[in-house]
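# Examining the three-dimensional arrangement
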Amino acid sequence: MDAADTRKRALQGSVWTLFGYGGAQVLRLGSNLVLAHLLFPSAFGVMALVTVFMQGLQMFSEVGIGPSIIQNSKGDDREFLDTAWTIQILRGFALWIFSCLLAWPASVFFGTNDPSGADLLYILPVIGFSSVLGGFNSTAVFSLNRHLRIASITWLELIPQAISVLGMIVWAMIWPSVWAMVSGWLIYSLVRLPLSHWLNRPLKNRMAWDRDCAREILHFGKWIFFGTIVAFLSGSLDRILMGRLLTLDELGVYSIALTFARVGVEVSTRLSHTVLFPVLAKSQNDPITLVGQSIQARSLILLAGGAIVNGFAIFSPVFFGLLYDSRYAAAGTIAQWLSILVWSSILLSSMERVPLALGHPRALFTSNLISIFGYGLALPLYHFAGLPGFIIGISSGLILAQVVLLAWIPIRRKDVFMQSLRFTLLYGFYAGVCIYVLRGQSPHFSLFEKIFYPLACSTIPCAIAARIALRRLKTKR
């Protein structure tokens, strides 16, 4: 594949990634709104804990199968793919076993703070079985990513999600309980499994074990394994701690606010993983070209991610006030504070793929380990300033991790740092002014004005970002 073809696929991949993510967010928003009215806040609190535990198990067992297939020169070899598939299956069964073992201590730990936490005893083993189903997914999931066939990956995500959302809503209407949300995990896995193998036609994965291939996968995944452990602690420890500091009703409100506040970081992370990393991996032997490409691509990622974070930070009080009932009223203010945490995450995640593409997965371990130190500030700041202090403490760890990660970028470190600083000052100033003015004038607004002005202020950065991005993409064709 020549440079022009790579650039074309990257551009097409970016469009499909944003389309897929937009569709996923529409499905998530719709299901969240419907389920919020059919269920109760504590159900979202329980599922927030379940999600944390399942993500933790996934990340504690991450051996870099996907990145290995994308990055390794043998990523298209049949023996390499079949060995990776075998490792993936074994990992899936291991995850299920660990979820069963974790169920009782988790139910006891969180059940003492809120009786609803005792339901984890039954929910974790059931949801854990989705890991077994996921283990049998075709390696086409990663091969398609390797060759930037993002359209197929997009449908592989959207179709199972749409069917699982429909299943959850139907279940919640018939039996309104937390098990409606549990069913969504299993439906998603059951639909995605055959679809992944259909996309792999005419090839078929089979059980195989090549010692050399296994050694390469596990060696590459060694530092990814350690890195994802600390990444889990860095990204999910807040909900574990909140599960003890708050009731499950309060945790449910926090998790809903976090779900929508994280839209920006999820967009940037998806672009970095599905588009930026495969492109950079092709220049792994040319650091100068690789870093130059990463800086150009990162500017678009920060542009898009920052605009989304800004928009939601400004509009979130109106959003939750209009679409949710009084049980979720606090989510609007929480989401505004969470925008600080989300932006810090975007700055970090948009840098991580550079050292990984250069073959330095240890950099992710180091940066994620540093970010955990933010929790050392978060707990005392929580007792001093409540939830805003907790969020600021975590964000400080992510900022420090970004500074440390710069050491793994071989050249143009100052350019990367100044890029982060410019976008932070620009978006921070705009959002701060808008929130301050709107909050002061809101008591004097009519209902129409309370909706119109925040919507206009939140739309402006998104429109400007879209225009700049389209102009840059056109000039690169």
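Residues numbered from 1 in each chain as written. Predicted model: local features only at pLDDT ≥ 70, side-chain atom pairs only at ≥ 80, totals over all residues. Heavy atoms only, no water.

## Some remarks on the pattern of salt bridges
To keep things clear, this is the line we draw: The working definition used for a salt bridge is a side-chain nitrogen of Lys or Arg within 4 Å of a carboxyl oxygen of Asp or Glu. Elements are defined by DSSP. Helices are runs of H or I of four residues or more, strands are runs of E of two residues or more, and each kind is numbered from the N terminus. Burial here depends on accessible area, computed with a 1.4 Å probe over protein chains only, as a share of the maximum for the residue type. Under 20% is buried, over 50% is exposed, and the range in between is partly exposed.
In the structure shown here, the tally under the stated rule is three salt bridges. Measuring nitrogen to oxygen at the nearest pair gives 3.5 Å for the salt bridge that ties D82 to R206. With D82 in helix α4 (residues 78-111) and R206 in the loop between α8 (179-199) and α9 (211-245), this residue pair connects regions lying 124 residues apart in the sequence. The partner of R412 in a salt bridge is D415, with the nearest N and O atoms 2.9 Å apart. Residue classification places R412 among the partly exposed positions, given a relative accessible area of 40%. For D415, a relative accessible area of 36% translates into the label partly exposed.

## Examining empty space enclosed by the protein
A water-sized probe rolled over the atoms picks out the places where empty space is left. Quick reminder of the rule: Cavity: a set of points on a 1 Å grid over the protein atoms alone where a 1.4 Å probe fits but cannot get out. Pocket: an open set with protein on both sides within 12 Å along at least five of seven lines, its lining residues, like those of a cavity, having an atom within 4 Å of a point. Grid points are joined across faces, edges and corners, and a volume is the space filled by probe spheres set on the points. We call Asp, Glu, Lys and Arg charged. Ala, Val, Leu, Ile, Met, Phe, Trp, Tyr, Cys and Pro are nonpolar, and the rest, Gly among them, are polar.
Here the structure, examined in full by the defined rule, presents two cavities of 30 Å³ or more. Estimates place the volume of the second largest cavity at around 40 Å³. Around the second largest cavity, the lining residues are S294, I295, R298, S350, M351, V354, I409, V416 and Q419. Of all the secondary-structure elements, those providing two or more residues to the lining of the second largest cavity are α12 (287-323), α13 (331-357) and α17 (413-441). Considered class by class, the residues forming the lining of the second largest cavity number five nonpolar, three polar and one charged.

## What to know about the environment of V26
Checked against the element boundaries, V26 lands in helix α1 (residues 3-38). With a relative accessible area of 58%, V26 lands in the exposed category. The spatial distance from the C-alpha of V26 to the C-alpha of A162 is 9.9 Å, given a sequence separation of 136 residues.

## Describing the state of the cysteines
Keep this limit in mind: Two cysteine sulfurs form a disulfide in these notes if their separation is within 2.5 Å.
Enumeration according to the criterion identifies zero disulfides in this entry. For the unlinked cysteine C434, the closest cysteine sulfur is that of C457, found at 4.1 Å.

## Let's talk about the packing of aromatic side chains
Two numbers describe a pair of aromatic rings. These are the distance of the centres and the angle of the planes. The cut-off we apply is this: In this analysis, rings of Phe, Tyr and Trp, with Trp reduced to its six-membered ring, are considered paired at centre separations within 6.5 Å, and the interplanar angle assigns stacked below 30 degrees, edge-to-face beyond 60, and tilted for intermediate values.
Counted under the stated rule, the structure contains 19 aromatic pairs. Aromatic side chains Y382 and F390 sit 6.1 Å apart centroid to centroid with 85° between the ring planes, which places their arrangement in the edge-to-face category. The exposure classification of Y382 matches that of F390, with both residues buried.

## Considerations on the nonpolar core
How we decide: Residue types Ala, Val, Leu, Ile, Met, Phe, Trp, Tyr and Cys, when buried and joined through side-chain atoms within 4.5 Å, form a set referred to as a nonpolar core. Note on contacts: a residue pair qualifies if any of its non-hydrogen atoms lie within 4.5 Å across the two residues.
One finds V50, L120, F320, Y324 and L338 to be the most contacted residues of the largest nonpolar core, which totals 89 residues. Apart from the residues lying within four places of it in its own chain, the contact partners of L120 are V46, L49, V50, F53, A103, A106, S107, F110 and P125. With nine residues, the next largest nonpolar core counts L81, A84, A214 and I217 among its residues.

## Some words on a nonpolar patch on the surface
Going by this rule: To count toward a patch, a residue needs a relative accessible area above 30% and no salt bridge. Like charges then connect within 9 Å, nonpolar side chains (Val, Leu, Ile, Met, Phe, Trp, Tyr) within 5 Å. In short, Shrake-Rupley with a 1.4 Å probe defines the accessible areas, and a residue's cover is counted only from the protein chains shown.
On the surface, V34, L38, L166, V170, W171, M173, I174 and W175 cluster together to form a nonpolar patch covering roughly 800 Å² of accessible area. For the nonpolar patch, the secondary structure elements donating two or more residues are α1 and α7 (150-174). Per-element accounting of the nonpolar patch gives the leading share, five residues, to α7. With respect to the helices and strands, the residue L38 is situated in helix α1.

## A look at helix α16 (residues 387-405)
This is how it is decided: In a helix, the anticipated span is given by 1.5 Å times the number of residues less one.
A rise of 1.5 Å per residue sets the reference length of α16, with its 19 residues, at 27 Å; its end C-alpha atoms lie 28 Å apart and thus fit the reference within 8%. Within the span of α16, buried status applies to L387, G389, F390, I391, G393, I394, S395, G397, L398, A401, Q402 and L405.

## Thoughts on the environment of V263
With respect to the helices, strands and loops of the structure, V263 is situated in helix α11 (residues 263-281). For V263, a relative accessible area of 15% puts it in the buried group. Distance in space between the C-alpha atoms of V263 and Q25 is 7.9 Å, their sequence separation being 238 residues.

## Points about the confidence of the model for the protein
Regions with low pLDDT carry predicted coordinates that are not meant to be interpreted in detail. Basically, it comes down to this: The pLDDT value expresses, per residue, how confident the predictor is, ranging between 0 and 100.
Taken as a whole, the protein shows an average pLDDT of 79; of its residues, 81% reach a score of 70 or greater. By mean pLDDT, α11 is the weakest element of the protein at 63, and α17 is the strongest at 90.

## Regarding the packing of helix α10 (residues 248-261) against α12
What counts here: To obtain each axis, a line is fitted to C-alpha atoms, and for helices this fit is confined to the stretch in contact; angles are then taken between N-to-C directions over 0 to 180 degrees. Note on terminology: angles under 35 degrees are roughly parallel, angles over 145 are roughly antiparallel, angles of 65 to 115 are roughly perpendicular, and the others are oblique. Crossing handedness is read from the near helix: turned anticlockwise from the far helix by less than a right angle, it gives a left-handed crossing, and turned clockwise, a right-handed one.
Their axes nearest at 11 Å, the elements α10 and α12 cross at an angle of 135°. Here α10 lies oblique to α12, going by the angle between them. Seen along the crossing, α10 lies across α12 with a hand that is right-handed. Contact with α10, carried on its side by I256, A257, F260 and A261, involves F312, F319 and F320 of α12 and no other residues of that element. When its residues are assigned to classes, the contact of α10 with α12 shows seven nonpolar, no polar and no charged.

## Things to note about the side chain of S339
Of note, S339 is situated in helix α13. Of the residues examined, S339 reaches a relative accessible area of 14% and is grouped as buried. Setting aside anything within four residues of it in sequence, one finds S339 in contact with V309 and A313.

## Considering the side chain of Q419
Position of Q419 relative to the elements: it lies in helix α17. On the basis of relative accessibility, which here comes to 3%, the residue Q419 falls in the buried class. Among all residues touching Q419, those that are not within four sequence positions of it are I295, R298, S299 and L302.

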